[in-house]
Amino acid sequence: MIATKAYAAPAVSTPLAPFKFDRKEVGPNDIQIEILYCGVCHSDLHQIRDEWGGSIFPMVPGHEIVGKVVKVGDAVTKFKVGETAGIGCFVDSCRHCPSCEAGEEQYCDNHLSFTYNGTYKDGAPTYGGYSDQYVVDEQYALHVSDKLPLEGVAPLLCAGITTYSPLMTWKIGKDHKVAVVGLGGLGHMAVKFAASLGAEVTVLSTSASKKEDALKLGAHHFVVTKDEEQVKAVAGTFDFILNTISAQHEYNFYLQMLKLDGTMVLVGIPPEAPQVSAFNLIGKRRRIAGSMIGGIKETQEMLDYCAEHGIVSDVEVINIDYINEAYERMIKNDVRYRFVIDIASLK
Ligand code: NAP
Ligand code: ZN
Ligand code: ZN
């Protein structure tokens, strides 16, 4: 067993504190990654507070992991010791259902092992990246280019792929007017990707103070959703809305901004069920859809796209003992635009 240092929430809604546990030994198909950086996702906060139900404690959160490969199993072919590697939101799946066979493991019909707050096939709990190492099957690890600053790469493993994947699925490009709702970790990556794909991008935000940043990130327009005149001006104008809001909100408010045949894709996961007016959909043949992270193949494609185009997350690097304050700031929408833990601060 591999002695591992971490930070964990001992029980629901309790502050994170130092925690020790053992990782499994490196099996023939596994690699051991010494973690350098781990991003802080709003999903970490939802799960520590058990807002989605079924949380497992103690919980070591963290699914935006970047580090160095320090050991490889005998049968490993994809990675070598010394290379940089990443881990996203899941570390195993059934490997034989139609979704797994299509490389869309995140939609596995059987057992998906989430990187934390999940279980391995043998029922043992998974512990995430707020820790100094991870042992993972090489098929569920990603290659990371050393061209980009690694602290900015870590959030690509969740915030990056979660926003890249729907933009690819809906084939977003230069002919589209795209709105990104919520300028947080996911939202700021969505703006970078949509702008890079050539779309005309509008940020819809509750925070007027984020306007300048939004434009710097690549957005063409900024709408403060508390300003009635600004909201009226965008009614019926978007082809595609990517909704990243983490808290309860009025879905109809955003749906009426779609054009004929427009689609709003939900990636944010507030615990409350959406209330949607049928009139708001039928009146303009609008659609509402959802999307969850992305498969290993598409995640690698996204990382390679970022390396090629110089895209990283805008981060505030923190020491791990700042994590509870970081969560408080996240609740107040005070993140510009992703906290990333420097795991060296754990040693
Ligand atoms: P985040 O950094 O906290 O950003 C969320 C943003 O939503 C905030 O910055 C704020 O933007 C906006 N917002 C918050 N409360 C709001 C409210 N009541 N009304 C309107 N807007 C509000 O969170 P994140 O890490 O980007 O995650 C966002 C959501 O996506 C979370 O629910 C997370 O669990 C989920 N998620 C889903 C997937 C997936 O696979 N689908 C993957 C990762 C995360 P403004 O200040 O601009 O208004
Ligand atoms: Zn996440
Ligand atoms: Zn499967």
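Our structure is the block above this text.
Keep in mind that what you see is a predicted model, and the values were worked out from it rather than measured. (Residues numbered from 1 in each chain as written. Chains lettered and ligands numbered in written order. Predicted model: local features only at pLDDT ≥ 70, side-chain atom pairs only at ≥ 80, totals over all residues. Heavy atoms only, no water.)

### Focus: the site of ligand 1
Threshold: Near is defined per residue: the residue qualifies when any heavy atom it owns lies within 4 Å of the molecule or strand. Side-chain atoms alone can form a polar contact between residues adjacent in sequence; in general such a contact is a pair of N or O atoms within 3.5 Å, and within protein one must be able to donate a hydrogen while the other accepts it. For every accessible area listed, the method is Shrake-Rupley and the probe measures 1.4 Å; residues are considered covered only by the protein chains on display. The numbering of helices and of strands both runs from the N terminus, where a helix is a DSSP run of H or I of at least 4 residues and a strand a run of E of at least 2.
For ligand 1, the set of nearby residues contains 30 residues, the closest of which are S205, T206, S207, K210 and R338. Within the side chain of S207, a nitrogen or oxygen atom sits 2.5 Å from an oxygen atom of ligand 1. Against a free-state accessible area of 930 Å², the protein chains account for coverage of 92% of ligand 1. Those elements that place two or more of their residues in the shell around ligand 1 are α1 (42-48) and α5 (185-196).

### Quick word on the coordination of the zinc ion (ligand 2)
The condition that has to hold: Each metal site is built from N, O and S donor atoms within 2.8 Å (3.2 Å for Na, K and Ca), and since water is not included, such sites may look incomplete. Any residue under 20% of the maximum accessible area for its type is buried, any over 50% is exposed, and the rest in between are partly exposed; the area is computed with a 1.4 Å probe on protein chains only.
Looking at the zinc ion (ligand 2), one finds its protein donor set to be C41 (SG), H63 (NE2) and C158 (SG), positioned 2.0 to 2.3 Å from the metal centre. Positions of the donor residues of the zinc ion (ligand 2) along the chain correspond to the pattern C-x21-H-x94-C. Linking H63 in the loop between α1 and β4 (65-72) with C158 in the loop between α3 (150-153) and α4 (159-169), this pair joins segments that are 95 residues apart in sequence. Here H63 and C158 have matching classes, each one buried.

### Examining the coordination of the zinc ion (ligand 3)
Looking at the metal site, the zinc ion (ligand 3) is ligated by C94 (SG), C97 (SG), C100 (SG) and C108 (SG), spaced 2.3 to 2.4 Å from it. Read N to C, the donor residues that coordinate the zinc ion (ligand 3) are spaced as C-x2-C-x2-C-x7-C. Using a relative accessible area of 13% as the deciding quantity, one classes C108 as buried.

### Digging into the pattern of salt bridges
Which entries qualify depends on this criterion: Any carboxyl oxygen of Asp or Glu that lies within 4 Å of a side-chain nitrogen of Lys or Arg is treated as forming a salt bridge with it.
According to the stated counting rule, one finds 17 salt bridges in the structure shown. One salt bridge connects D175 with K174, and the closest N-O pair in it is separated by 4.0 Å. A relative accessible area of 68% means that K174 is categorised as exposed. In this structure, R287 and D261 form a salt bridge, with 3.3 Å as the shortest nitrogen-oxygen distance. A residue pair is termed long-range when its members are at least 10 positions apart, and R287 in strand β15 (residues 287-290) and D261 in strand β14 (residues 258-266) qualify at 26 residues. In the salt-bridge network here, residues are joined through shared partners; they are D92, R95, K121 and D137.

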